[in-house]
Amino acid sequence: MASYFDEHDCEPTTSVHNSSRRTDLLRMLRLFLRSDVEEYGHILGQFIPDGESLAPPAAKSVVENLPRISLKDLDSKKDAQCPVCLAQFDNDDVIITMPCEHYFHMDCLLPWLQKTNSCPLCRFELVTDDPDYEELKKEKLGQKEREARVADLHSSMFG
Amino acid sequence: MSSIATTRIQRELKDIKESNNQSIKIELKSDEFNNLRGEIVGPSGTPYQDGMYKLSIKIPETYPFNPPIVSFDTRIWHPNISSVTGAICLDILKDQWAAALTLRTVLLSLQALLSAAEPDDPQDAVVAKQYKDNQKAFVKTARFWAQYYANAPGPRDTDCVEKLRKASEMGFYKDISLQALSTHSWDLENAIQYLTSC
Ligand SMILES: [Zn+2]
Ligand SMILES: [Zn+2]
């Protein structure tokens, strides 16, 4: 990734407007989407400074509605530990359940979901508040479905 | 340093000790939990086999919500690692980081990277080009670097030894000669021409 900037003899912009920058980039990406998601996604990735290409935060309303439980609700998993701080759950800890059925301390999960929308353990994605990102996700899914349909058609004709 | 970062590093160090994996090591550089030293053994079946690679690991204040900053201290010839600075191009150290990844998984991923380079996402453009265009020269160079810098065992390639001796006899530093010869796929004439022009 660094090589792009080396070769072009310029510094990566460590912009203070990273989120608006990312939105611009996502908009630009959408223009190219119908030609080739993977290829342009890759090229685009090179313009985003390190660590800034994480997916956007999880939607606030979704995070607020994730079930809060305590250790006694987890009785089958007595030795369970939080994958973020690696400590075992305690009786008075507030534990959040993700839809993928992974458990975290509330205090360990919330800072992560304020940064990006996926489960720290399995990358299960929550919905975001970023319309461009959601649009992009839909487009990608649509592209995959189109490809699958073409493959189906192809195999029904020639398979 | 934040308390979550410190306690997590303490737990990680303990887990690594208990896991008893001989091919990866992590230790504190001083009393500070933000500065660690790692070591991985080059995987077998690769030009890096049994080389000892030292890594510098810096833990950000915001760990584990941000990835550790890892680079190679031992010089290595690999498409995804800078042959000059040791900087690494690996997705999980950048946009694919997740808070449940650990230093142990990072070091295991680096070992996997040594087994399977990704030349289409290079850190070192020169190495990546050689990897794609001249696989034979790449393997020869990567193995020689492993023996020269990482103490990998085995007899050294006589062609490499001879050309490196010739270049250093002309008064060029060995490290710089090796870099020039490697860049020019062991064409002595081109390497010397390059060395005298800069
Ligand atoms: Zn926790
Ligand atoms: Zn999960």
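Cut-off values and rules
- Residues numbered from 1 in each chain as written.
- Chains lettered and ligands numbered in written order.
- Predicted model: local features only at pLDDT ≥ 70, side-chain atom pairs only at ≥ 80, totals over all residues.
- Heavy atoms only, no water.
- Helix = DSSP H or I, 4+ residues; strand = E, 2+ residues; numbered from the N terminus.
- Buried < 20%, exposed > 50% of the residue type's maximum accessible area, 1.4 Å probe, protein only.
- Contact = heavy atoms within 4.5 Å.
- Areas by Shrake-Rupley, 256 points an atom, 1.4 Å probe, with all protein chains shown as cover.
- Domains from an automatic or database assignment.
- Buried area = accessible area lost by both parts, 1.4 Å probe.
- Salt bridge = Lys/Arg side-chain N within 4 Å of Asp/Glu carboxyl O.
- Polar contact = N/O pair within 3.5 Å; in protein donor to acceptor, adjacent residues only side chain to side chain.
- Nonpolar A, V, L, I, M, F, W, Y, C, P; charged D, E, K, R; others polar.
- UniProt positions renumbered as here; feature names shortened; annotations may be inferred.
- Pairing = 2+ DSSP bridges.
- Axes fitted to C-alpha atoms, helices over the stretch in contact; angles between N-to-C directions.

Caption draft 1: The arrangement of the overall build of chain A in detail. Counting secondary structure elements, chain A contains six helices and three strands. Within chain A, the proportion of its 159 residues that are buried is 38%. Considering only intrachain contacts with a sequence separation of at least 6, the fraction spanning at least 24 residues in chain A is 53%. Of the accessible surface of chain A, which amounts to about 9,900 Å², a share of 53% is contributed by carbon and sulfur atoms.

Caption draft 2: Fine view of the domain arrangement of chain B. Residue and element names in this part refer to chain B. Partitioning chain B into structural domains gives domain 1 (3-115) and domain 2 (125-197). Taking the mean C-alpha position of each, domain 1 and domain 2 sit 27 Å from one another. In this assembly, 15 residues from domain 1 lie in contact with 21 residues from domain 2. Between domain 1 and domain 2, the buried area comes to about 1,400 Å², and carbon and sulfur atoms account for 69% of it. For the domain 1 face of the interface with domain 2, the top three residues by lost area are Pro47, Arg75 and Trp77, together amounting to 57%. The interface formed by domain 1 and domain 2 holds zero salt bridges in total. The interface formed by domain 1 and domain 2 contains five residue pairs in polar contact (both at pLDDT 80 or more). Classifying every residue of the side of domain 1 that touches domain 2 gives eight nonpolar, five polar and two charged.

Caption draft 3: Expanded view of unusual backbone geometry. Geometrically, the link from Tyr63(B) to Pro64(B) is a cis peptide bond, its omega value of 5 degrees lying close to zero. Along the chain, Pro64(B) falls in the loop between strand 3 (52-58) and strand 4 (69-72). The phi torsion at Leu86(A) lies on the positive side, around 65 degrees, for a residue other than glycine. We note that Asn20(B) has phi near 60 degrees; this positive angle belongs to a residue other than glycine. Tracing the chain through its elements places Asn20(B) in the loop between helix 1 (3-19) and strand 1 (24-28). Residue Asn20(B) is classed as exposed on the basis of its relative accessible area of 55%.

Caption draft 4: Broad picture of the UniProt feature "domain: UBC core" (unreviewed entry) in chain B. Annotation from UniProt places "domain: UBC core" (unreviewed entry) at residues 4-151 of chain B. Strand forms 16% of residues 4-151 of chain B and helix 36%; the C-alpha atoms that close the span are 37 Å apart.

Caption draft 5: Looking closely at the sheet that holds strand 3 of chain B. All names here are of chain B. What the four strands build is an open sheet, ordered 1-2-3-4; its pairing is antiparallel. At either end of the open sheet lies a strand with only one pairing partner, and these are strand 1 and strand 4. Taking each pair of neighbouring strands and ignoring which way they run, the sheet shows an average axis angle of 25 degrees. Along the sheet face, helix 2 (residues 103-115) touches strand 1, strand 2 (35-41), strand 3 and strand 4 and points at about 135 degrees away from the line of strand 1.

Caption draft 6: Quick look at the pattern of salt bridges. This structure, assessed with the given rule, holds 14 salt bridges over all chains. In this structure, Lys72(A) and Asp73(A) form a salt bridge, with 3.9 Å as the shortest nitrogen-oxygen distance. Residue classification places Lys72(A) among the exposed positions, given a relative accessible area of 64%. Here Asp159(B) and Lys163(B) are joined by a salt bridge, their closest N and O atoms 3.1 Å apart. With Asp159(B) and Lys163(B) both in helix 5 (residues 158-169) and four residues apart, this pair spans about one turn of that helix. Residue classification places Asp159(B) among the partly exposed residues on the basis of a relative accessible area of 27%. Counted as one network, the salt bridges with shared partners bring together Glu125(A), Glu134(A) and Lys137(A).

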